[in-house]
Amino acid sequence: MTKIILAFDDVLEKFSKWGLVSSLFIILILAVSSIVLRWMGSSPMWLEPLTRHLVFLSAFFGGSLATSKNVHIRVDLLSKLIEMTKSRALIWIHHNLLALFCFVTCAFLMKASYDFFIVEREFGAPAFLDIHSSWLVGIIPFGIGLIALRFFNLLILGLLNGVPSEHNRV
Amino acid sequence: MSIIAYSSILFIALLGAPIFAVMAALAMTAFYFSGIELSAVAVEIYRLASAPTILTIPLFTFAGYVLAESKAPVRLLRLSNAFLGWMPGGTAIICIFICAFFTAFTGASGVTIIALGGLLYPILLKEGYSERFSLGLITTCGSLGLLFPPSLPIILYGIIAKVDIDQLFLAGILPGVILMSVLGGYSIFKARKLPKKEHRFSLTEMKAACWEARYELPLPIFVLGGIYGGFVTATEASALSAFYVLVVNVFCTRDLSLTKDIPKVIVDSLTLVGAILLILCCALGLTNYLVDEEVPMKILEAMRTFITNKYLFLFVLNMFLLVVGCLMDIFSAIIVVVPLIIPIAEQFGVNPLHLAIIFLTNLEIGYITPPVGINLFISSFRFNKSVLELYKVSIPFLILMLFALAIITYIPWLTLLWFTP
């Protein structure tokens, strides 16, 4: 079970990394092209919203990697105190409690954003480059879902294997 | 019931849950108890995709990380040494200049201390500065350029407060110089007992250092000249800076490899950006809910009973923001606190640009304020010193920064001189 979860998490990690790297290269090319085209007197209307949505998408890829690297921004005074106690039981409970909270929150948020996606599919319209607005809105359930999966993996690994190493804690 | 739910979420937040999850949970709970569909939170999240300046955040951060990973710090160190090394306290002043430059580009994310600390710390010690002074100076300088363009907190503040980012960039320049000058003055004072220096002013070395740093020198001109010359917008300046820094470091100086180093830099920089944007996404719902419920106005009404004028308000604001800066990360603080204080400050007649600079200066000081100023932990990790030791060494610098904060707060002209007719 642990091996399966680790392998699955590795796939998500690579997917997020490649998503992030390719997004940034595309964003950079589009942004620079937009400036050059403007100087040449032509400025396609779709360039700017497409770039903004790529940044939006990359926020979720970055969030997925922040989850696996344990670098989310937090108030960590109590976490540090718990670490200092060196009590394995306390650290284990702390990790799993936070992982569970984050997973449940992300799951609810994914459901809420999926509902928004469904509404947009029914009442939305093509936004730019003939892309339907529901696909753009769909970035949210996709991105939050990706992060929810990362927290789910951390939770299961924590429950199965006891105290996780420092890098794998929430 | 709602009190139990909110208390539980706040307890989890204190235990160290990621801020984005706390914001999302608070927003969903608030919407649920108000009888609003939870999908409204997602609608608020999606608003981020229509923020016109959102592009500046990943691109300026990426540019800063590329600079930090390349050999630019070494080149800039030589350049600063050539220009300032001969002065009394020159080495410490070099440290102040370089850290300010890098923090402006990396957004005070701790990268400055990590990237430059190892370089500057031994040089300061070699020059005869005490370990306490050197540690304190580097720790403080880790967030020093935060008021200079194109710093990430300024951009984020502009997005949240709906204040023009170009104007914010200008507004921060003189207060930023004040902070640097205060630290510079202290460094010169501390240098008076150091052994006489061998550094001599050399035009040849100056020319050589300028030539070596020829690719980095135009960057601030690109950003400031481009924006204020009317050639590019802040968003376009971020794209050009990122593209320029990438091309220079990969193809001209060949400090970084396009296939080996750049993907790593992208992952490192955009992981931070992702963490910030996620908080921004999730907080949009919560802060809008608080504003809709007129929470700022209720706070204002309560404050009016004991705060009667602008100056007292600014004093209380500074005290409040210092506490916020001690407890919260700068990005979360901007996202959560700014929408609440803007209407209140407006009522007391505080200019939005002045408020922005006061806010950011306070949070800059928060980076070195015990017990949880993030620079203290980064320095503790980087220099292998106990956090308690860092608390001690940061105190003189903290007092100096508070002095500079008082100047910035009570002389609004320093911020607004560019905008007075």
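Here goes a summary of the coordinates provided. The structure displayed is predicted, hence computed values, not measured ones.

1. Section: the interface of chain B and chain A
Quoted interface sizes are often the accessible area lost when the parts come together.
So, point 1. Residue-level contacts link 62 residues of chain B with 54 residues of chain A.
So, point 2. Overall, the association of chain B and chain A removes approximately 4900 Å² of surface from exposure, summing both partners, and the carbon and sulfur fraction of that is 83%.
So, point 3. Summed over the three residues of chain B that lose the most area to chain A, namely Leu15, Tyr46 and Thr271 of chain B, the buried surface amounts to 12% of that side.
So, point 4. The tally of links between chain B and chain A comes to two salt bridges.
So, point 5. Taken together, the connections running from chain B to chain A amount to eight residue pairs in polar contact (both at pLDDT 80 or more).
So, point 6. Looking at the side of chain B that touches chain A, the elements that each hand over two or more residues are α1 (2-14), α2 (19-33), α3 (39-46), α4 (56-69), α14 (234-252), α15 (261-292) and α18 (330-347) of chain B.

2. A word on the side chain of Asp255 of chain B
Residue and element names in this part refer to chain B.
So, point 1. Within the secondary structure layout, Asp255 lies in the loop between α14 and α15.
So, point 2. Residue class for Asp255 comes out buried when judged on its relative accessible area of 17%.
So, point 3. Among the polar contacts listed, one links the side chain of Asp255 to the side chain of Arg75, at a separation of 2.9 Å.
So, point 4. Here Asp255 is in contact with Ser70, Lys71, Ala72, Arg75, Asn249 and Asp261, once residues within four sequence places are set aside.

3. Details of the environment of Ile335 of chain B
Residue and element names in this part refer to chain B.
So, point 1. Relative to the helices and strands, Ile335 is located in helix α18.
So, point 2. Ile335 sits in the buried class, given a relative accessible area of 1%.
So, point 3. Between the C-alpha atoms of Ile335 and Leu417, which are 82 residues apart in sequence, the distance is 27 Å.
So, point 4. Contact partners of Ile335, with chain neighbours within four places excluded, come to Leu156, Ile160, Ile276, Ile279, Leu280, Ala283 and Thr287.

4. Regarding the layout of surface pockets
Residues and elements named next belong to chain B.
So, point 1. There is about 800 Å³ of room inside the second largest pocket.
So, point 2. Lining the second largest pocket are 28 residues, and of these Leu10, Val324, Met328, Val336 and Val337 lie nearest its centre.
So, point 3. Classifying every residue of the lining of the second largest pocket gives 28 nonpolar, no polar and no charged.

5. Thoughts on a negative patch on the surface
Residue and element names in this part refer to chain B.
So, point 1. Together, Asp292, Glu293, Glu294 and Glu301 line one region of the surface with negative charge.
So, point 2. In this structure, Glu293 sits in the loop between α15 and α16 (295-304).
So, point 3. Among the residues examined, Glu293 registers a relative accessible area of 36% and is labelled partly exposed.

6. A few points about the environment of Pro18 of chain B
So, point 1. Counting through the fold element by element, Pro18 of chain B comes out in the loop between α1 and α2.
So, point 2. Once the C-alpha coordinates of Pro18 of chain B and Lys190 of chain B are considered, the two residues, 172 residues apart in sequence, prove to be 41 Å apart.

7. A short note on a positive patch on the surface
All names here are of chain B.
So, point 1. A cluster of like positive charges, contributed by Arg132, Lys190, Arg192, Lys193 and Lys392, occupies part of the molecular surface.
So, point 2. Position of Arg192 among the secondary structure elements: in the loop between α11 (173-191) and α12 (203-212).
So, point 3. On the basis of relative accessibility, which here comes to 48%, the residue Arg192 falls in the partly exposed class.

8. Thoughts on the packing of aromatic side chains
So, point 1. Applying the stated criterion across every chain, the model contains 22 aromatic pairs over all chains.
So, point 2. Both rings, one in Tyr6 of chain B and one in Phe33 of chain B, keep their centres 6.4 Å apart while their planes meet at 55°; by these two values the pair is tilted. Of this pair, Tyr6 of chain B sits in helix α1 while Phe33 of chain B sits in helix α2, and the two are 27 residues apart along the sequence.
So, point 3. Site record: aromatic cluster; members linked through ring pairs are Phe56, Phe60 and Phe116 of chain A together with Tyr46 of chain B.

9. A few points about the nonpolar core
So, point 1. Judged by nonpolar contacts, the single largest core of 219 residues is most densely connected at Phe56 of chain A together with Phe62, Tyr157, Phe313, Ile334 and Phe359 of chain B.
So, point 2. At 19 residues, the largest contribution of residues to this core is made by α15 of chain B.
So, point 3. Among all residues touching Tyr157 of chain B, those that are not within four sequence positions of it are Lys162, Val163, Leu168, Ile334, Val338, Ile342, Pro352, Leu355, Ala356 and Phe359 of chain B.

10. With respect to the pattern of salt bridges
So, point 1. The full count for this structure, using the stated rule, is 15 salt bridges over all chains.
So, point 2. With its nearest N and O atoms 3.0 Å apart, the salt bridge here joins Asp9 of chain A to Arg150 of chain A. Placement of the pair is Asp9 of chain A in helix α1 (residues 2-39) and Arg150 of chain A in helix α6 (residues 139-161), with a sequence separation of 141 residues.
So, point 3. On the basis of relative accessibility, which here comes to 2%, the residue Arg150 of chain A falls in the buried class.
So, point 4. As a salt-bridge pair, Lys69 of chain A and Asp268 of chain B come within 3.3 Å of each other at their nearest N and O atoms. Highlighted residues: Lys69 of chain A in helix α2 (residues 47-69) and Asp268 of chain B in helix α15, drawn from two different chains.
So, point 5. With relative accessibility at 30%, the residue Lys69 of chain A sits in the partly exposed group.
So, point 6. On the basis of relative accessibility, which here comes to 27%, the residue Asp268 of chain B falls in the partly exposed class.
So, point 7. Salt bridges linked by common partners bring Asp9, Glu13, Lys17 and Arg150 of chain A together as one network.

Rules of the game
- Residues numbered from 1 in each chain as written.
- Chains lettered and ligands numbered in written order.
- Predicted model: local features only at pLDDT ≥ 70, side-chain atom pairs only at ≥ 80, totals over all residues.
- Heavy atoms only, no water.
- Contact = heavy atoms within 4.5 Å.
- Buried area = accessible area lost by both parts, 1.4 Å probe.
- Salt bridge = Lys/Arg side-chain N within 4 Å of Asp/Glu carboxyl O.
- Polar contact = N/O pair within 3.5 Å; in protein donor to acceptor, adjacent residues only side chain to side chain.
- Helix = DSSP H or I, 4+ residues; strand = E, 2+ residues; numbered from the N terminus.
- Buried < 20%, exposed > 50% of the residue type's maximum accessible area, 1.4 Å probe, protein only.
- 1 Å grid on protein atoms, 1.4 Å probe; cavity = no way out; pocket = protein on both sides within 12 Å on 5 of 7 lines; lining within 4 Å.
- Points joined across faces, edges and corners; volume = space filled by probe spheres on them.
- Nonpolar A, V, L, I, M, F, W, Y, C, P; charged D, E, K, R; others polar.
- Patch = residues over 30% accessible without salt bridge, like charges linked within 9 Å, V, L, I, M, F, W, Y side chains within 5 Å.
- Areas by Shrake-Rupley, 256 points an atom, 1.4 Å probe, with all protein chains shown as cover.
- Lys, Arg positive; Asp, Glu negative; His and termini not counted.
- Charge placed at Lys NZ, Arg CZ, Asp CG, Glu CD.
- Phe/Tyr/Trp six-rings, centres within 6.5 Å; stacked < 30°, edge-to-face > 60°.
- Core = buried A, V, L, I, M, F, W, Y, C linked by side-chain atoms within 4.5 Å.

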